[in-house]
Every structure is written in C-alpha cells, then in structure tokens.
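Tertiary structure, described
Below are the chains, spelled out letter by letter.
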Amino acid sequence: MQSNEFPCLHISRYWRSVQDNLLQIVDLVPDDKFDWSPKDDLWNCRGILIHVADARDGWLADGRHGVQDGEPYPNIWLTARTRDDLRRELVRTFERVERFLNNRSQLDAAYSEEWNGQTLTRNGHWIAFHLLEHDIHHRAELLQRLALLDIAHGIDI
Ligand code: NI
C-alpha cells in the first residue's frame, strides 16, 4: 500500500446507530423542555434537533455546498414544532442521507463552493464524513442537555 492510500473502510451501515440515538433523544426530552437551554446564548433542544435535520438537507439539496440531489429543501425551522414533527424530519432526512450514501456517482463527484474568497472543493465522501461528524457532535450536545436535566438516557457510547 502506498503512503497516500487508505484502507477500504465500510462504515455507512453503522451510521444508523447515531440516528437511532437521536430518535431516542427526541422521545426522552420532556414536553416542557424542548425550548429549554442551559444558557441564553445556547440553542435549545428543539433548535439543535431542527439544525441536525436542516444540515442534512442543506448539504444535499441546494447545490450551494455541493450535492444537488433533486429533492426539495423545505424550511423546517418554521414547520418542525412538535415531538412528532422533529421525529418525522429526522427520519426523512436520514433516508435522504442513505440515498446519498448509496449513490456512488454523487459520492465520487467533486463539489466546489466559494468561501471567504476561496474556492473549496470537496468530494461526496468528505460531505458524508462531515454529516456523520455533525450528527455525532450534536448527539453529544443533546446528551449533555439530558444530563443537565437529570434525565437518564441509557445511551452508553
Ligand atoms: Ni452544527
């Protein structure tokens, strides 16, 4: 193996465990805590959950970051209010991610965007990695919220 090569790594199938945890968290947040935040300048639980789903749409829908999968980019900041809404948007956007993960040409393609006067070019594998790290990052943030609320979650990572 040459130094610039990496071993073949198949991890897409394990992403679902992160999604399952996010759905568990949606079920665990008490009705009166979706708008709770530990500090004024930090997002509340509803905002974090919307942001996770919105980021998936954003990276796959609009072609601004790169992938333009032909599906719409709904503004769920206005429509995701209830627990059922949040669950529905996480399920919808994860199915969208799964379609992307199964689309070899979208994964292998290069995508460019302008950022701070620079042209950033990434491929679909990077976008998939970024969406996974984003899910994981915000799962940790939500678990911290539950811990601060003394809500046992049983999610042991
Ligand atoms: Ni984020």
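Up top you'll find the structure we're talking about.
A few points on the structure. Bear in mind that the values here come from a model prediction, so they are computed numbers and not experimental data.

Rules of the game
Counting restarts for each chain, with residues numbered from 1 along the sequence as it is written. Given that this is a predicted model, residues contribute local features only at a pLDDT of at least 70 and side-chain atom pairs are listed and counted only at 80 or more, while totals for whole chains, interfaces and linings are drawn from all residues. Helix numbering and strand numbering both begin at the N terminus, where a helix is a DSSP run of H or I of at least 4 residues and a strand a DSSP run of E of at least 2. Our exposure labels follow a C-beta count within 10 Å of each residue's own C-beta, placed from the backbone: buried means 20 or more other C-beta atoms, exposed means 12 or fewer, and partly exposed covers the counts in between. Paired strands, as defined in this entry, are two strands with at least two bridges between them according to DSSP. To estimate the expected span of a helix, count its residues, drop one, and scale the result by 1.5 Å. An axis is simply a line fitted to the C-alpha atoms; with a helix, the fit covers only the stretch in contact. Between two such axes, the angle follows the N-to-C directions and lies from 0 to 180 degrees. What sets the label is the angle itself: under 35 degrees gives roughly parallel, over 145 gives roughly antiparallel, 65 to 115 gives roughly perpendicular, and the rest give oblique. Handedness of a helix crossing follows the sense of rotation of the near helix relative to the far helix, less than a right angle counterclockwise being left-handed and clockwise being right-handed. Here the contact rule is simple: place C-beta atoms from the backbone, and any two residues whose C-beta atoms are within 7 Å are in contact. For this classification, the nonpolar set comprises Ala, Val, Leu, Ile, Met, Phe, Trp, Tyr, Cys and Pro, the charged set comprises Asp, Glu, Lys and Arg, and every other residue, Gly included, is treated as polar. To count as a nonpolar core, a set of buried Ala, Val, Leu, Ile, Met, Phe, Trp, Tyr and Cys residues must be joined through C-beta atoms within 7 Å.

Counting secondary structure elements, the chain contains six helices and two strands. Written out in order from the N terminus, the α and β elements of the chain read α-α-α-α-α-β-β-α. Overall, the chain is about 50 × 35 × 30 Å in size when its C-alpha atoms are taken along their principal axes. Relative to its 157 residues, the chain shows a buried fraction of 24%.

Of all six residues making up strand β1 (residues 110–115), only zero are buried, and the element is barely covered by its neighbours. Bridge analysis of β1 against strand β2 (residues 118–123) gives six bridges, and the strand direction is antiparallel. In the strand pairing of β2, Glu114 is matched with Thr119. Connecting the antiparallel pair β1 and β2 is a turn made up of two residues, with Asn116 showing a positive phi of about 55°.

Turning next to helix α2 (residues 45–61). Under the 1.5 Å per step criterion, the end-to-end length of α2 is 24 Å for 17 residues, consistent within 8% with the ideal 24 Å. Burial within α2 is extensive, with 13 of its 17 residues counted as buried. One or two steps after α2, the chain reaches Gly63, where phi turns positive at roughly 75°.

Quick look at the packing of α2 against helix α4 (residues 83–101) now. The geometry of α2 relative to α4 is characterised by a closest axis approach of 9 Å and an angle of 30° between their N-to-C directions. Compared by their axis directions, α2 and α4 come out roughly parallel. For the crossing formed where α2 meets α4, the hand is left-handed. On α4, the residues that touch Arg46, Leu49, Val52, Ala53, Arg56, Asp57 and Leu60 of α2 are Leu86, Glu89, Leu90, Thr93, Arg96, Val97 and Phe100. The class makeup of the residues in the contact of α2 with α4 is eight nonpolar, one polar and five charged.

In this structure, Val26, Leu49, Val52, Ala53 and Leu90 are the most contacted members of the largest nonpolar core, which totals 25 residues. Where this core is concerned, the elements lending two or more residues are α1 (15–28), α2, α4 and α6 (124–148). Per element, the largest residue contribution to this core is nine residues, and it comes from α2. With residues near it in sequence (within four places) discarded, Leu49 still touches Val26, Leu86 and Leu90.

Let's shift gears to the environment of Ser112. For Ser112, the position within the fold is in strand β1. C-alpha of Ser112 to C-alpha of Asn123: the two residues are eleven residues apart in sequence and 8.6 Å apart in space. Look past the residues within four positions of Ser112 in its chain and what remains in contact with it is Thr119, Leu120 and Thr121.

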